Amino acid sequence: MNWEAIGAIGEIVGALAVVGSLIYLATQISVSNRSARNAANQELFNQWASNVELIGGSSEKSLLFIKGLSKFESLSQDETFRFNCQMHQVINSWERNLIQSKAAEIDNHWIRKQDWVRRRIVNATGFKLYYNDAKGSISPELCKLIESEIGKFDGWTPGRGHSANET
């Protein structure tokens, strides 16, 4: 066997090694992306559960949220503060989810669920009054989304369930 044949065999072996390395790398990237998506969806689930606890974890919290959305002007100073804290938490979760959805890390089910809830909340009278005071602390991208939804959907109504055909 001459040196040219040995060199050709070496090049073929090297090319196969490169192809094998690329396949391994692609597999690892896919696994990593799947893990990142799963982590983002888990974080969203945890945020959702936290918001449910914050708003509906007790009768007092639920009544405050309902009163804040439907009769904001009648809130006492203490109630206004607590309602604003609830809304800040909700807004923060919307902003985090907006960032994650731009990175395509969130399952569409979570996006649809959040969209349905947000569209009703932003059309409630109390939210609009809250928003007028708070929008300076909200990201411009979320403000644009909120403003595009105000007036286009039914407002939030206490006890109204989620209809499967409403998205």
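This is a predicted model, so every value here is computed, not measured.

A rise of 1.5 Å per residue sets the reference length of helix α4 (residues 108–122), with its 15 residues, at 21 Å; its end C-alpha atoms lie 21 Å apart and thus fit the reference within 8%. Those residues of α4 not exposed but buried are Trp110, Gln114, Asp115, Trp116, Arg118, Arg119, Arg120, Ile121 and Val122.

What follows covers the side chain of Ser93. As for its placement among the helices and strands, Ser93 is situated in helix α3 (residues 77–102). Among all residues touching Ser93, those that are not within four sequence positions of it are Gln47, Asn51 and Gln114.

In terms of nonpolar packing, the biggest core is built from 23 residues, with Phe83, Met87, Ile91, Trp94, Phe127, Tyr130 and Ile146 touching the most fellow members. Contributing elements (two or more residues each) for this core: α2 (59–70), α3, α4, α5 (125–134) and α6 (140–149). Setting aside anything within four residues of it in sequence, one finds Phe127 in contact with Leu69, Met87, Ile91, Trp94, Ile121, Val122 and Ile146.

So, on to the pattern of salt bridges. Overall, the coordinates contain six salt bridges when judged by the stated rule. The partner of Arg119 in a salt bridge is Glu149, with the nearest N and O atoms 3.6 Å apart. Here Glu149 lies in helix α6 and Arg119 lies in helix α4, a separation of 30 residues in the sequence.

Across all of its chains, the model carries six aromatic pairs by this definition. Between Trp94 and Phe127 the ring centres are 6.0 Å apart and the planes differ by 50°, which places this aromatic pair in the tilted class. Here Trp94 is found in helix α3, whereas its partner Phe127 is found in helix α5, with 33 residues between them in sequence. Trp94 gets classed as buried once you look at its relative accessible area, which sits at 4%. An aromatic cluster of at least three residues, connected via ring pairs, comprises Phe65, Phe72, Phe83, Trp94, Phe127, Tyr130 and Tyr131.

This part takes up the confidence of the model for the chain. Overall, the prediction assigns the chain a mean pLDDT of 83, with 87% of residues at 70 or greater. Low confidence marks residues 161–167, where pLDDT is under 50. Its contacts with residues over four positions away, or in another chain, come to seven contacts.

Packed helices, taken two at a time, are described by their axes: the angle between them and the distance between them. It is the contact of α3 with α6, at a shortest axis distance of 10 Å, that shows an interaxial angle of 100°. Considered as vectors, α3 and α6 are oriented roughly perpendicular to each other. Contact with α3, carried on its side by Ile91, Trp94, Glu95, Leu98 and Lys102, involves Glu141, Leu142, Leu145 and Ile146 of α6 and no other residues of that element. For the contact of α3 with α6, the residue count by class is six nonpolar, no polar and three charged.

Rules behind the numbers
Residues numbered from 1 in each chain as written. Predicted model: local features only at pLDDT ≥ 70, side-chain atom pairs only at ≥ 80, totals over all residues. Heavy atoms only, no water. Helix = DSSP H or I, 4+ residues; strand = E, 2+ residues; numbered from the N terminus. Expected span 1.5 Å × (residues − 1). Buried < 20%, exposed > 50% of the residue type's maximum accessible area, 1.4 Å probe, protein only. Contact = heavy atoms within 4.5 Å. Core = buried A, V, L, I, M, F, W, Y, C linked by side-chain atoms within 4.5 Å. Salt bridge = Lys/Arg side-chain N within 4 Å of Asp/Glu carboxyl O. Phe/Tyr/Trp six-rings, centres within 6.5 Å; stacked < 30°, edge-to-face > 60°. pLDDT = per-residue confidence, 0-100. Axes fitted to C-alpha atoms, helices over the stretch in contact; angles between N-to-C directions. Parallel < 35°, antiparallel > 145°, perpendicular 65-115°, else oblique. Nonpolar A, V, L, I, M, F, W, Y, C, P; charged D, E, K, R; others polar.

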